[in-house]
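Architecture at a glance
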Amino acid sequence: MKLKDIEKEEFYRASYGCAGCAAVLAVRLTIKVLGKNSVYVVPANCISTVSCYYPQAPFFVPFTVMAFAATASACSGISAGFKRRGREDIHVVGFSGDGGTADIGIQALSGAIDCGNKFIYICYDNEAYMNTGIQRSGLTPYGATTTTTPSPCFENRPKKDMLRIVAAHDIPYAATACSSYPLDYMEKVKKASQVNGPTYIHILTPCPTGWGFPPDETIEIGRMAVESGVWKLTEFENGEFRTTYTPKRSRPVSEYLAAQARFRHLSPEQVAAIQKEIDAARD
Ligand SMILES: Cc1ncc(C[n+]2csc(CCOP(=O)(O)OP(=O)(O)O)c2C)c(N)n1
Ligand code: SF4
Ligand SMILES: [Mg+2]
């Protein structure tokens, strides 16, 4: 996909999201790819919270707010309903946060992938339960403070590897993305929309409010995540993983960590240990 191919029309605008919210950006980009023939299932999270101010809902396509745990099962059922009515041209999209995906919604996600109905499940990952006050989730990274893992007892477990978890279901298509690389993300949404079965995209969406950085640095923070190797842009297709983007320059993870208040308590030794892990995991 090229810049000139991006749809000019906005299908999601004027939400109540915080300034610099990358999750809101991810919704906008998604609908630009899928267009008017798409419907959205959003559970309890920041996106539903900032989108449900009747009559000012920023969605210009149909959306429904779903119970926290039920995004994937709702997508699967809606998709089956459309199929029955001969409306397989309509894309059914789940838009769930990291808590809604890796924790409370993981059972529904597993079952829905197993059912095989066509839908796109998008996990926007801001690495904590932001909407309810920045509590840790199964996708909070090692070293981060949240309100339930305050310093000095910061998060001491690594993120769950959701891409490998969904890949283990033999899903037809899955990918990781980052809101700072919109063309890479939009290409993946387009690809997912062409698959006749369940698909999963996991997009890292930096959150100025929860991560502790100025709102005008959202894009730069996402780039730092990828350039430092903290986050990788990959795809899973036909049983194989592949890298879709290799950063042109590589940065030390210390730059990424120092840019965010949630990591400021880390000692030089802890930063060095994180760097060592990243180096060991490089392709
Ligand atoms: C069954 C249930 N438990 C708890 C809640 C409260 N709740 C609403 S949103 C939310 C956090 C969502 O976190 P995440 O999925 O990461 O989305 P984010 O808020 O970060 O966008 C919680 C705990 C709920 N709505 N339903
Ligand atoms: S808390 Fe974070 S994810 Fe939620 S609306 Fe604000 S910036 Fe977006
Ligand atoms: Mg979250």
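Below or above, wherever it landed, is the structure these notes cover. This one's a predicted model, so the numbers in the text were calculated from it and none came from an experiment. (Residues numbered from 1 in each chain as written. Chains lettered and ligands numbered in written order. Predicted model: local features only at pLDDT ≥ 70, side-chain atom pairs only at ≥ 80, totals over all residues. Heavy atoms only, no water.)

1. Concerning the site of ligand 1
Near ligand 1 lie 16 residues; those nearest to it are Cys46, Gly100, Tyr124, Ala128 and Asn131. Tyr124 is positioned such that a nitrogen or oxygen atom in its side chain is 2.5 Å from an oxygen atom of ligand 1. Take Asn126: an N or O atom from its side chain is 3.0 Å from an oxygen atom of ligand 1. Burial of ligand 1 by the protein amounts to 71% of the accessible area it has alone, namely 590 Å². With 3 residues, helix H4 (residues 98-103) is the single largest residue contributor to the shell around ligand 1. (Near = heavy atom within 4 Å. Polar contact = N/O pair within 3.5 Å; in protein donor to acceptor, adjacent residues only side chain to side chain. Areas by Shrake-Rupley, 256 points an atom, 1.4 Å probe, with all protein chains shown as cover. Helix = DSSP H or I, 4+ residues; strand = E, 2+ residues; numbered from the N terminus.)

2. What about the site of ligand 2?
In the vicinity of ligand 2, the contacting residues are Cys18, Cys21, Cys46, Asn126, Met130, Cys207, Pro208 and Thr209. Grouping the constituent residues of the shell around ligand 2 by class yields 6 nonpolar, 2 polar and no charged. (Nonpolar A, V, L, I, M, F, W, Y, C, P; charged D, E, K, R; others polar.)

3. Considerations on the side chain of Ser228
Secondary-structure assignment places Ser228 in the loop between helix H9 (218-227) and strand E7 (233-237). Looking at Ser228, its side chain comes within polar contact range of the main-chain oxygen of Met224, at 2.8 Å. A polar contact is formed between the side chain of Ser228 and the backbone oxygen of Ala225, at a distance of 3.2 Å. Dropping the residues within four chain positions of it, Ser228 is found in contact with Arg251, Pro252, Val253, Tyr256, Ile278 and Arg282. (Contact = heavy atoms within 4.5 Å.)

4. Let's talk about the nonpolar core
Ranked by internal contacts, the top residues of the largest apolar core, which has 31 residues, are Ile47, Phe59, Phe95 and Tyr185. Mapped by element, the contributors of at least two residues to this core are helix H1 (22-34), strand E1 (38-43), helix H2 (46-51), strand E3 (91-97), strand E4 (119-125), strand E5 (173-178), helix H7 (182-193) and strand E6 (198-204). Ranked by the residues each element gives to this core, the list is headed by H1, at 7 residues. Apart from residues no more than four positions distant in its own chain, Ile47 is found in contact with Tyr12, Ala23, Val24, Val27, Val42, Phe59, Phe95 and Tyr124. (Core = buried A, V, L, I, M, F, W, Y, C linked by side-chain atoms within 4.5 Å. Buried < 20%, exposed > 50% of the residue type's maximum accessible area, 1.4 Å probe, protein only.)

5. Concerning the side chain of Glu235
Tracing the backbone shows Glu235 in strand E7. Looking at Glu235, the relative accessible area reads 4%, which means it is buried. Separated by 3.2 Å, the side chains of Glu235 and Lys191 make a polar contact.

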